[in-house]
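Summary of the model geometry
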Number of protein chains: 2
Amino acid sequence: MNFVTVVTKNGSPEFVPPAARIAVFDNDGTLWAEQPFYFQGLFVFDRIRSLAPQHPEWKVDQPFKAVLENDLKTVAAAGMQGLIELVLATHANMTTEEFESVVKDWLATARHPKFNKSYTDLVFQPMLELLAYLRANDFKTFIVSGGGIEFVRVFSQTVYGIPPEQVIGSSISTRFEVQNGKPILVREPKVDFVDDQEGKPVGINKFLGRRPIAAFGNSDGDFQMLEWTSASNPFFALIIHHDDDLREFAYDRASAAGRLDRCLDEAPKRGWLVASMKKDWNRVFSFQ
Amino acid sequence: MNFVTVVTKNGSPEFVPPAARIAVFDNDGTLWAEQPFYFQGLFVFDRIRSLAPQHPEWKVDQPFKAVLENDLKTVAAAGMQGLIELVLATHANMTTEEFESVVKDWLATARHPKFNKSYTDLVFQPMLELLAYLRANDFKTFIVSGGGIEFVRVFSQTVYGIPPEQVIGSSISTRFEVQNGKPILVREPKVDFVDDQEGKPVGINKFLGRRPIAAFGNSDGDFQMLEWTSASNPFFALIIHHDDDLREFAYDRASAAGRLDRCLDEAPKRGWLVASMKKDWNRVFSFQ
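This report concerns the structure included in the present document. (Residues numbered from 1 in each chain as written. Chains lettered and ligands numbered in written order. Predicted model: local features only at pLDDT ≥ 70, side-chain atom pairs only at ≥ 80, totals over all residues. Heavy atoms only, no water.)

Helices and strands together make up the secondary structure of chain A, namely 12 helices and seven strands. A globule of 288 residues ought to have a C-alpha radius of gyration of about 19 Å, and chain A, at 20 Å, matches this closely. Over its C-alpha atoms, taken along the principal directions, chain A stretches across nearly 65 × 50 × 35 Å. Taking the contacts inside chain A whose residues are at least 6 apart along the sequence as the reference set, 64% of them involve residues at least 24 apart. In the form shown here, chain A has an accessible surface area of approximately 12300 Å², with 52% of it arising from carbon and sulfur atoms. Across chain A, the centroid of the 31 positively charged side chains sits 3 Å from that of the 37 negatively charged ones. (Helix = DSSP H or I, 4+ residues; strand = E, 2+ residues; numbered from the N terminus. Rg over C-alpha atoms; globule rule 2.2 N^0.38 Å. Contact = heavy atoms within 4.5 Å. Areas by Shrake-Rupley, 256 points an atom, 1.4 Å probe, with all protein chains shown as cover. Lys, Arg positive; Asp, Glu negative; His and termini not counted. Charge placed at Lys NZ, Arg CZ, Asp CG, Glu CD.)

Structure representation (C-alpha cells):
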C-alpha cells in the first residue's frame, strides 16, 4: 500500500502516470494453486486418459504409458521433453475454438484431489483482492504464465477479471486455413514460445512492449521477470511463499512444480518482499 | 456509424458488450502513408547509409550496394529475402532500448521526399477521427501491422493514442541477458514472426486472444485479417483505396508496396466497404 500510495500521488517524486502502471502476475502458484502438479498438467493427464481408446500405442509408448498407469514418477523422469510430447499430443491438431471448448468442459467438471473443488475455486483470495486494489488505482494487470496462453485465457476474465488480451503465456504454433469458406486457426504440434524464466521478460517485451513496475511470482521460473521489473524505478516485487500445508501446500526449494530456491536466497538483497501464506494471509481460498 | 449504433445500443439484437468491441487497424497505408515505399523501409535505407562507414563490404555486397547507390529497382528485385537481410542488418545486435532510441531519432529528423514533412505528420486525419470515435464508443483499438512491432510502438501512443500493448506486428527474436548486473534484451538477427497475410489472424489470436468485430486495411496483406473478422456476427470491414494522386498517392493492383487486388475484387460479395480517399475524404492529412 505504501508503494501504491507513492506511485499514484500527484506531485510525488515517484509518481507514475496511469498508462505506465503495469503489474504482472505469474499464474500457477501465484494466482491459483499448483499442487500436486500444475493444473494444466493434470488437464493433460485427464486428456490422455480420455483419448487413450483412440491411441492403442499409448499402452506401450512412454511417457503415455506412465500417465495411463498413474505412474507420475516415470512421467516426471521423462523431463521437459516428455512433458512437451504429452502437451503436443493433447493440445494440437484441432482448431482454437475446439481447444477452448475442451478446456471449458474440463474446468466445469474436474475436481481437485485434495480439496474436491473446481480448479477455478482454487484461486487465492488475497490475490483477487490485490488485483482489484491495483485496478482501483488505475493499474493494468497482466498474467505472465509459463502455462499455455490459450489455456489460461479460457478463465482469466471470469476468474481474475483479466481479459484475454492481457494474458501472456507459452504457446504452440497455429496455422490459418479456410475450410468450406470458414476461416479457422489450426493448432499445430509445434512449440512456438516458452514463457518461463528468461522467456518471461522476452514475452513481456513482445506482448506488452513496456516494462512493468510491479511483479508477483512464487518460483524460480519468475526470477527473470522480477529481475526485469526491478530495473524500474520505483518498482515492487513480491514472492508468495507456500508454507501452509494445512490450508494449502508447503513446498519450496525441492519441489518439482513451482520450485522456489534462488528467489528466496536473493530476495533480501534485491528488495523483493516474501509473503508467507501461513502468517500473512487471513484466508487462502474463498471457501475456507 | 450505423454499425457503431447497432452494436452499442442496449437491447439491440446485435449489441456487443464493451469488452468485445475490438477494432483492428493495419498501419502502413491505412493509418499513415506508405509511398514511395513503406516508411520503415525508408528507415532501413537511411540506417544502411549511416552504418556504411563501418561496413566496407556493403560497397560490394547486394542488396546493400544497391541501397547505397539509391538503386531501388535492384533492391526490389532482391525480394523478401533481400529485404529481410537489410532489416536484420539494421534492426538487430543492439538492445531493445538502443533500437527505440535509434527509431526516435530518425522519426524526429527524417523528412518525407514528396511532402517534406515528418513521417508522423503523414497520418490520415479521417483515421485519427475514426479511432477517437470508436474509442468514445468503448471500442478497444489495436494496430495489426506487417511492420516491426517495436518500430510502430515507438510512436503509436503519441500519434494514434494506441498504447504499446495494443500493437501487434512482425518481430525479430530477443535474448535476455544480464550485463554488469543490468537486465537487458538483445535483439537477435533472426525473424521471430511475420505479421502479414495469414500471419495477421495468427497474430491477432496470439496477442489478442479474441476475434475483432471491425477491421480496417488497404492491401491484400490485410485480406486474411478482414476474412477472419468477417466471421464475427455482426462485423464491419473497410478498405482504404488510395486513388488520390494529388493529395496523397494513387496505386492499387500493380503496386510494390500496399498492393490492392484480391481485396478489391472480393469486397462487394464479402460485404466489405471501400473508401475512396479522393471522393470520401475531406482532408487526407491534417496539414492540408
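As a further point, take the sheet that holds strand 3 (residues 167-179) of chain B. Residue and element names in this part refer to chain B. The strand order across the open sheet built from seven strands is 4-3-2-1-5-6-7, with neighbouring strands paired in mixed fashion. Two strands bound the open sheet, and with one partner strand each, they are strand 4 (182-193) and strand 7 (273-276). For this sheet, the mean inter-axis angle between neighbouring strands, taken without regard to orientation, is 35 degrees. In terms of strand pairing, strand 3 meets strand 4 through eight bridges, oriented antiparallel. Bridge pairing in strand 4 links Gln-179 to Lys-182. Contacts between helix 7 (residues 125-136) and the sheet are confined to strand 1 (22-25), strand 2 (140-148), strand 5 (214-217) and strand 6 (236-241), with strand 1 contributing the most and set at about 165 degrees to the helix. (Pairing = 2+ DSSP bridges. Axes fitted to C-alpha atoms, helices over the stretch in contact; angles between N-to-C directions.)

In this description, a pair of aromatic rings is defined by centroid distance and the angle of the planes. Under the counting rule described, the total for this entry stands at 49 aromatic pairs over all chains. Ring geometry for Phe-25 of chain B versus Phe-216 of chain B: centroids 4.4 Å apart, planes at 5 degrees, classification stacked. With a gap of 191 residues between them, Phe-25 of chain B in strand 1 and Phe-216 of chain B in strand 5 connect regions that are remote in the sequence. Here the two residues Phe-25 of chain B and Phe-216 of chain B agree in accessibility, since each one is buried. With a centroid separation of 5.9 Å and an interplanar angle of 15 degrees, the aromatic rings of Phe-37 of chain B and Phe-45 of chain B are classed as stacked. Clustering of aromatic rings is evident, with ring pairs tying together Trp-32, Phe-39, Phe-43, Phe-99, Trp-106, Tyr-119, Phe-151, Phe-155 and Tyr-160 of chain A. A cation over an aromatic ring shows up here: Arg-211 of chain A above the ring of Trp-228 of chain A, its NZ or CZ 3.8 Å from the ring centre. The cationic tip of Arg-262 of chain B hangs over the ring face of Phe-223 of chain B; the distance from NZ or CZ to the ring centre is 3.7 Å. (Phe/Tyr/Trp six-rings, centres within 6.5 Å; stacked < 30°, edge-to-face > 60°. Buried < 20%, exposed > 50% of the residue type's maximum accessible area, 1.4 Å probe, protein only. Lys NZ or Arg CZ within 6 Å of the ring centre and 35° of its normal.)

Attention now moves to the interface of chain B and chain A. Frequently, the measure chosen for interface size is the accessible area removed from exposure when the parts meet. Counting residues at the interface gives 33 residues for chain B and 33 residues for chain A. With both sides pooled, the region where chain B packs onto chain A buries about 2800 Å², and carbon together with sulfur makes up 54% of that total. On the surface where chain B and chain A come into contact, there are eight salt bridges. Arg-210 of chain B serves as the salt-bridge partner of Glu-165 of chain A, at 3.0 Å between the closest nitrogen and oxygen. At the junction of chain B and chain A, the tally comes to 20 residue pairs in polar contact (both at pLDDT 80 or more). Elements with a minimum of two residues in the side of chain B that touches chain A: helix 6 (96-109), strand 2, helix 8 (149-160), strand 3, strand 4, helix 9 (199-207) and helix 10 (223-230) of chain B. With five residues, helix 9 of chain B is the single largest residue contributor to the side of chain B that touches chain A. Considering only residue class, the side of chain B that touches chain A consists of 16 nonpolar, six polar and 11 charged. (Buried area = accessible area lost by both parts, 1.4 Å probe. Salt bridge = Lys/Arg side-chain N within 4 Å of Asp/Glu carboxyl O. Polar contact = N/O pair within 3.5 Å; in protein donor to acceptor, adjacent residues only side chain to side chain. Nonpolar A, V, L, I, M, F, W, Y, C, P; charged D, E, K, R; others polar.)

The next subject is the relation of the copies chain B and chain A. Note on the identical chains: chain B maps onto chain A by a rotation of 180 degrees and an axial translation of 0.0 Å, with an RMSD of 0.0 Å. The superposition of one copy onto the other is thereby described by a two-fold rotation axis. Among all residues of chain B, the one whose C-alpha sits closest to the rotation axis is Phe-207 of chain B, at a distance of 3.2 Å. (Least-squares fit on C-alpha atoms with pLDDT ≥ 70 in both.)

It is worth spelling out the packing of helix 2 (residues 39-51) of chain A against helix 6 (residues 96-109) of chain A at this point. All names here are of chain A. Packing of helix 2 against helix 6 brings their axes to within 11 Å, and their N-to-C directions diverge by 100 degrees. Put simply, helix 2 runs roughly perpendicular to helix 6. Residues Phe-39, Leu-42, Phe-43, Asp-46 and Arg-47 of helix 2 lie in contact with helix 6, whose contacting residues are Phe-99, Val-102, Val-103 and Trp-106. Residue composition of the contact of helix 2 with helix 6, grouped by class: seven nonpolar, no polar and two charged. (Parallel < 35°, antiparallel > 145°, perpendicular 65-115°, else oblique.)

Before going further, it helps to spend a moment on the nonpolar core. Formed by 174 residues in total, the largest nonpolar core has its most connected members in Tyr-160 of chain A together with Tyr-160 of chain B. Once you skip the residues sitting within four places of it in the chain, Tyr-160 of chain A turns out to touch Asn-27, Leu-31, Trp-32, Val-123, Leu-128, Leu-131, Arg-135, Ile-143 and Phe-155 of chain A. (Core = buried A, V, L, I, M, F, W, Y, C linked by side-chain atoms within 4.5 Å.)

This model, assessed by the stated rule, comprises 41 salt bridges over all chains. The shortest N-O distance in the salt bridge between Arg-211 of chain B and Glu-97 of chain A comes to 3.1 Å. Linking Arg-211 of chain B in the loop between helix 9 and strand 5 with Glu-97 of chain A in helix 6, this pair reaches from one chain into another. For Asp-192 of chain A, the salt bridge goes to Lys-206 of chain B, with nearest N and O atoms at 3.1 Å. Taken as a pair, Asp-192 of chain A in strand 4 (residues 182-193) and Lys-206 of chain B in helix 9 lie in two separate chains rather than in one. When its relative accessible area of 29% is taken as the criterion, Asp-192 of chain A is described as partly exposed. Judged by relative accessible area, which is 11%, Lys-206 of chain B ranks as buried. What you see here is one network of salt bridges that share partners, running through Glu-227, Arg-262, Glu-266 and Arg-270 of chain A.

Our next topic: the packing of helix 8 (residues 149-160) of chain A against helix 9 of chain B. Where helix 8 of chain A contacts helix 9 of chain B, the axes come no closer than 10 Å and their chain directions differ by 60 degrees. As far as their axial angle goes, helix 9 of chain B and helix 8 of chain A are oblique. In contact with Ile-149, Glu-150 and Arg-153 of chain A of helix 8 of chain A, helix 9 of chain B contributes Asn-205, Lys-206 and Phe-207 of chain B.

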